[in-house]
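Examination of the molecular architecture
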Amino acid sequence: MKRVAVVGAGVAGVASAYLLCRAGYAVTLVDRNQGPALGASRANGAQLSYAYGDALGSPSLLRHLPHILLRRDPAYRVQLQTDPEFLIWGLRFLAECLPTRSLANTQHLLKLAFATRRLLEDVLVEFDLSFDYQVSGKMILYSTAKAFAAGAAVHRLKQSMGIRQEVLDRSEATAIEPALTLYPDSIDRVVYSPDDAAGRPDRFCTGLVDGLVRRYGLRTLFGEEVRGIQSCKGRVTGLSFSTCEQLDCDLVVATTGAALDILPWTDRPVGGIWPVQGYSMTAAASPAAMRVSITDLKRKLVFARLGDDVRIAGLADIGAARPRFSDERFDMFRSASIEAFGGAFEHKVGEIGAWSGARPCTPSSRPIIRPGRMKGLYLNLGHGTLGWTLCLGSAQFLLDLVATA
Ligand SMILES: Cc1cc2nc3c(=O)[nH]c(=O)nc-3n(C[C@H](O)[C@H](O)[C@H](O)COP(=O)(O)OP(=O)(O)OC[C@H]3O[C@@H](n4cnc5c(N)ncnc54)[C@H](O)[C@@H]3O)c2cc1C
């Protein structure tokens, strides 16, 4: 039985461990944190946006860029850096905003998202997981006809792929989701995807890891930082750590999000991944809270119902290589959330769970899933704004590579 070490226990690593265990590999899941999902996967927007899947780089974002650089859109903040990695990433990102590239990237992401949806059904049959999962649908609010028209090409692509979406006016959408009455601004159109879902990624990861330990004998090594990948004659032989003994293995899967430092130089994607910081808050739902996930495109905020809570996520801050929590940015985010749907959740300071994380973004928004130059090394990184939605589909892509090597 081949021994695989999966480094990184976020959604990408846990999903990879699941499919590798199921395929008969002897898997050890390693993370420097004390448990699974304590990085970018911890308290993200919680949306399994199977029908969204839009690449971050798009023609409309490119048109909006002067606005963003002049700080006229509070949802974004760009701090230009002189780091060559950032400059290469930025130039590659701009190229991916071209219409044909952006549509091809979106199509790729939608396929991965679709695969996640199918594989999640297998997980739910095999394991009894409790993560406030609900197929509650998702609504995207377009405030103007111009904003809706800007998304027309993507909408057509989704129709051509057979993705179920309906275009509704405000009253039709409110009949499905009464919480829209709380929204203070005009809504020109609502795109409703009834098959989209939401669930807590951290509880999914901890529950699935427990299940894999019991069912497949998954080994875990938490609280240990991997320093490097050991090799002999260009082939993986193990992992080295800062504080514990080497772990011998035949294959290594790097699911380290935005952290590339364990990879040999020859395998680091140049300008390949840059962190894009975001914020979330989790607050008790009011009786008027939404059931359907809602994306407020005007403020770039997402709202999801998680049991008795509402999870809100937003902001995209690009620049710092090691982002830190900013009280000023969080306050701005909290105010915008209250402005949009303040009637849906308890929002007194002290009653909300505040969190910030960094999306590991590639210029194209496509995750990097490929074998390394070192034999036995595989990468499954850079899931950007949609890692929760893409995790199982990406893991299947990875398993196909591992199995056919
Ligand atoms: C504000 C926000 C909202 C979001 N909303 C959504 C959403 O609604 N839907 C959606 O689909 N996606 C969403 N995302 C994106 C999603 O959260 C990420 O794409 C996803 O979490 C990335 O998962 P990952 O497993 O690749 O990375 P991570 O979860 O960061 O996992 C990587 C792990 O690798 C470990 N690691 C790194 N280096 C080492 C080392 N040397 N040794 C040991 N361990 C190491 C880290 O400790 C970490 O635990 C959001 C992200 C943010 C920030």
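Structural data are supplied above this passage.
Below you will find a few notes about this structure.

Rules and cut-offs
Residues numbered from 1 in each chain as written. Predicted model: local features only at pLDDT ≥ 70, side-chain atom pairs only at ≥ 80, totals over all residues. Heavy atoms only, no water. Helix = DSSP H or I, 4+ residues; strand = E, 2+ residues; numbered from the N terminus. Rg over C-alpha atoms; globule rule 2.2 N^0.38 Å. Buried < 20%, exposed > 50% of the residue type's maximum accessible area, 1.4 Å probe, protein only. Contact = heavy atoms within 4.5 Å. Areas by Shrake-Rupley, 256 points an atom, 1.4 Å probe, with all protein chains shown as cover. Lys, Arg positive; Asp, Glu negative; His and termini not counted. Charge placed at Lys NZ, Arg CZ, Asp CG, Glu CD. Pairing = 2+ DSSP bridges. Axes fitted to C-alpha atoms, helices over the stretch in contact; angles between N-to-C directions. Parallel < 35°, antiparallel > 145°, perpendicular 65-115°, else oblique. Nonpolar A, V, L, I, M, F, W, Y, C, P; charged D, E, K, R; others polar. Near = heavy atom within 4 Å. Polar contact = N/O pair within 3.5 Å; in protein donor to acceptor, adjacent residues only side chain to side chain. Left-handed = near helix turned anticlockwise from the far one by under 90°. Core = buried A, V, L, I, M, F, W, Y, C linked by side-chain atoms within 4.5 Å. Expected span 1.5 Å × (residues − 1). Arc of directions from axis to C-beta.

1. A few points about the overall build of the chain
- Each helix and strand in the chain was counted, giving ten helices and 20 strands.
- Over its C-alpha atoms the chain spans a radius of gyration of 21 Å, differing by no more than 12% from the 22 Å that the globule rule assigns to 405 residues.
- Across its three principal directions, the C-alpha atoms of the chain cover 65 × 45 × 45 Å.
- Among the 405 residues that make up the chain, the fraction classed as buried is 54%.
- Residue pairs in contact within the chain that sit at least 24 positions apart in sequence constitute 77% of those at least 6 positions apart.
- When the accessible surface of the chain is summed, it comes to about 17,500 Å², and 52% of that surface belongs to carbon and sulfur atoms.
- Distance between charge centroids for the chain: 5 Å, based on 46 positive and 39 negative side chains.

2. Quick look at the pairing of strand E13 (residues 251-254)
- Along E13, one buried face is formed by Leu251 and Val253 and the opposite face, lined by Val252 and Ala254, is buried too.
- Here strand E1 (residues 3-7) pairs with E13 via four bridges, running parallel. Bridge pairing in E13 links Ala5 to Val252.
- The pairing of E13 with strand E20 (residues 377-381) spans three bridges and is classified as parallel. Looking at the pairing, Ala254 lines up with Leu379 of E20.

3. Here's the deal with the packing of helix H1 (residues 11-22) against helix H4 (residues 99-126)
- Running from N to C, H1 and H4 point in directions that differ by 70°, and their axes come no closer than 12 Å. As far as their axial angle goes, H4 and H1 are roughly perpendicular. Along the contact surface, H1 presents Tyr18, Leu19 and Arg22, while H4 presents Leu119, Asp122, Val123 and Glu126.
- Classifying every residue of the contact of H1 with H4 gives four nonpolar, no polar and three charged.

4. Some words on the site of the ligand
- As a structural note, the neighbourhood of the ligand is formed by 38 residues, with Asp31, Ser41, Gly45, Gly384 and Thr389 the closest of them.
- Residue Gly45 places a main-chain N or O atom 2.8 Å away from a nitrogen atom belonging to the ligand.
- Relative to its unbound accessible surface of 1,000 Å², the ligand loses 96% to contact with the protein.
- Of all elements in the fold, only H1, strand E14 (274-284), strand E18 (353-361) and helix H10 (387-404) reach the threshold of two or more residues within the shell around the ligand.
- Looking at which element gives the most residues to the shell around the ligand, the answer is E18, with five residues.
- Here the shell around the ligand is built from residues that sort into 15 nonpolar, 18 polar and five charged.

5. Focus: unusual backbone geometry
- Its identity as a non-glycine residue notwithstanding, Ala37 has a phi of 55°, on the positive side.
- Topologically, Ala37 is positioned in the loop between strand E2 (26-31) and strand E3 (47-48).
- At Asp132, a residue that is not glycine, the phi angle is positive and equals roughly 55°.
- Mapped onto the elements of the fold, Asp132 is located in the loop between H4 and strand E5 (138-142).

6. So, the environment of Ala258
- In this fold, Ala258 is placed in the loop between E13 and E14.
- For the pair Ala258 and Thr385, spaced 127 residues apart in the sequence, the C-alpha separation amounts to 12 Å.
- Apart from residues no more than four positions distant in its own chain, Ala258 is found in contact with Ile273 and Pro360.

7. Remarks on the packing of H4 against helix H6 (residues 152-160)
- Orientation of H4 relative to H6, taken along the N-to-C sense of each, is 40°, at an axis distance of 11 Å. By the angle between their directions, the pair H4 and H6 is classed as oblique. Seen from above, H4 lies across H6 with right-handed handedness. Together, Leu103, Thr106, Gln107 and Leu110 of H4 and Ala153, Val154, Leu157 and Lys158 of H6 make up the contact between the two elements.
- Class assignment of the residues belonging to the contact of H4 with H6 gives a composition of five nonpolar, two polar and one charged.

8. So, the nonpolar core
- If you look at the biggest cluster of nonpolar residues, it comprises 47 residues, and the most contacted ones within it are Leu20, Val123, Phe204 and Leu208.
- Elements with a contribution of two residues or more to this core: E1, H1, E2, H4, helix H8 (201-216), E13 and H10.
- Sequence-distant contacts of Phe204, defined by excluding residues within four places in its chain, comprise Leu120, Val123, Leu129, Phe131 and Trp388.
- Of all hydrophobic cores here, the second largest spans 30 residues; its members include Leu168, Tyr192, Phe303 and Ile352.

9. Notes on helix H9 (residues 327-341)
- A rise of 1.5 Å per residue sets the reference length of H9, with its 15 residues, at 21 Å; its end C-alpha atoms lie 21 Å apart and thus fit the reference within 8%.
- Those residues of H9 that sit buried are Arg329, Phe330, Phe333, Arg334, Ala336, Ser337, Ala340 and Phe341. An end-on view of H9 places all buried positions within 165° of arc, on one side of the element. The exposed set on the far side of H9, more than 90 degrees from its buried face, consists of Asp327 and Glu339.

10. Observations concerning the sheet that holds strand E10 (residues 226-232)
- An order of E10-E11-E12 is seen for the three strands of this open sheet, with the pairing classed as antiparallel. Each edge of the sheet is formed by a strand with only one pairing partner; in this case those strands are E10 and strand E12 (247-248).
- Two strands pair when backbone bridges link them, and E10 and strand E11 (residues 235-241) are joined in this way by six bridges, in the antiparallel orientation. Counterpart to Ser231 in the pairing with E11 is Val236.

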